[in-house]
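Single-letter residue listing:
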Amino acid sequence: MIGELVERWHRGWIAADGLTSEYRDGYLVVHVNRSHRVFEWIATDDAEAGALAGIVAATKEPSWLSVPTHSPAKVIAEIEAGGLVVARPDETFMRRTLAGHPFSDPPEGYTVEVTRNPVLGVQVLANGEVAASGLMAVVGEDAVAHRIETAEAHRRRGLGSVVMGVLVREAVADGATTGLLFSSTTGVHLYRSLGWEKISDLVVARNDVSA
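Keep in mind that this is a model prediction, so the values were computed, not measured. (Residues numbered from 1 in each chain as written. Predicted model: local features only at pLDDT ≥ 70, side-chain atom pairs only at ≥ 80, totals over all residues. Heavy atoms only, no water.)

Caption draft 1: Inspection of unusual backbone geometry at higher detail. Put simply, Asn 117 and Pro 118 share a cis peptide bond, and its omega is -5°. The topology assignment puts Pro 118 in the loop between strand S6 (111-116) and strand S7 (120-126). Phi at Asn 127 is positive, roughly 55°, even though this residue is not glycine. Checked against the element boundaries, Asn 127 lands in the loop between S7 and strand S8 (129-139). We classify Asn 127 as exposed; its relative accessible area is 84%. Even without being glycine, Arg 156 reaches a positive phi, approximately 65°. Secondary-structure assignment places Arg 156 in the loop between strand S9 (142-150) and helix H4 (159-173). Residue Arg 156 is classed as exposed on the basis of its relative accessible area of 87%. (Helix = DSSP H or I, 4+ residues; strand = E, 2+ residues; numbered from the N terminus. Buried < 20%, exposed > 50% of the residue type's maximum accessible area, 1.4 Å probe, protein only.)

Caption draft 2: Local environment of the environment of Trp 13. Take Trp 13: it is sitting in helix H1 (residues 2-17). On the basis of relative accessible area, Trp 13 is assigned to the buried category, the value being 4%. Excluding its chain neighbours within four sequence positions, the residues that come into contact with Trp 13 are Leu 19, Val 30, Val 32, Arg 37, Glu 40, Ile 42, Val 144 and His 146. (Contact = heavy atoms within 4.5 Å.)

Caption draft 3: Focus on the pairing of strand S10 (residues 178-183). With respect to burial, S10 is a largely interior element, six of its six residues being buried. Where burial is concerned, the two faces of S10 agree: the one with Thr 178, Leu 180 and Phe 182 and the one with Gly 179, Leu 181 and Ser 183 are both buried. Sheet topology places strand S5 (residues 85-97) next to S10; six bridges connect them, and they run antiparallel. Paired with Arg 96 across the strands is Gly 179, a residue of S10. Taken together, S9, H4 and S10 form a β-α-β motif whose crossover is right-handed. (Pairing = 2+ DSSP bridges. Right-handed = clockwise from strand over helix to strand, strands pointing away.)

Caption draft 4: Local environment of the layout of surface pockets. Volume-wise, the largest pocket comes out at about 970 Å³. Taken together, 34 residues line the largest pocket, and the ones lying closest to its centre are Arg 147, Ile 148, Glu 149, Ser 184 and Tyr 191. Among the elements that take part in the lining of the largest pocket, S9 stands out by supplying six residues, more than any other. Classifying every residue of the lining of the largest pocket by side-chain character gives twelve nonpolar, eleven polar and eleven charged. (1 Å grid on protein atoms, 1.4 Å probe; cavity = no way out; pocket = protein on both sides within 12 Å on 5 of 7 lines; lining within 4 Å. Points joined across faces, edges and corners; volume = space filled by probe spheres on them. Nonpolar A, V, L, I, M, F, W, Y, C, P; charged D, E, K, R; others polar.)

See the structure below:
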């Protein structure tokens, strides 16, 4: 079940970021093409974690490995034994049925701008300055949230909820019914407050290759 959801999430991510992916020997690899992360390998089954860690550790380019799992401590031990450095041990894979998702208007002094290029983009603006933003890619009936960010000077004003509400409203209009996202530790509280539920833990590691 996790594997299918991970593959669906990944299709939204690469659409949102304009990336490509492939399967190498049955393993899912995304071409991120950044200096510090050329490839990101994604485990669709945490039983693959140890084997994948060895492959990623031997990769010549800076590469990462993401492992959704219900057993994060076990996965961390396996990927460290495989030669990787755990970068983010406690992220979260989440989903939500989009019908009935909370929506809130921006606070006074803020405006909302929506774009489609074709990925949905939302910016919350204050005097022309971007205070918060986010992307959402609709692939079939799935909507994958990406890069939900609030500028430090504008935090604690509910702008993350505004961004998510507008993105979901637009995604539903485009036919999406299910939301998927990978959340950082700082984002989990926001998503839970909006009714998103945990699918699994998420462990992210990298190899020891400099950019």
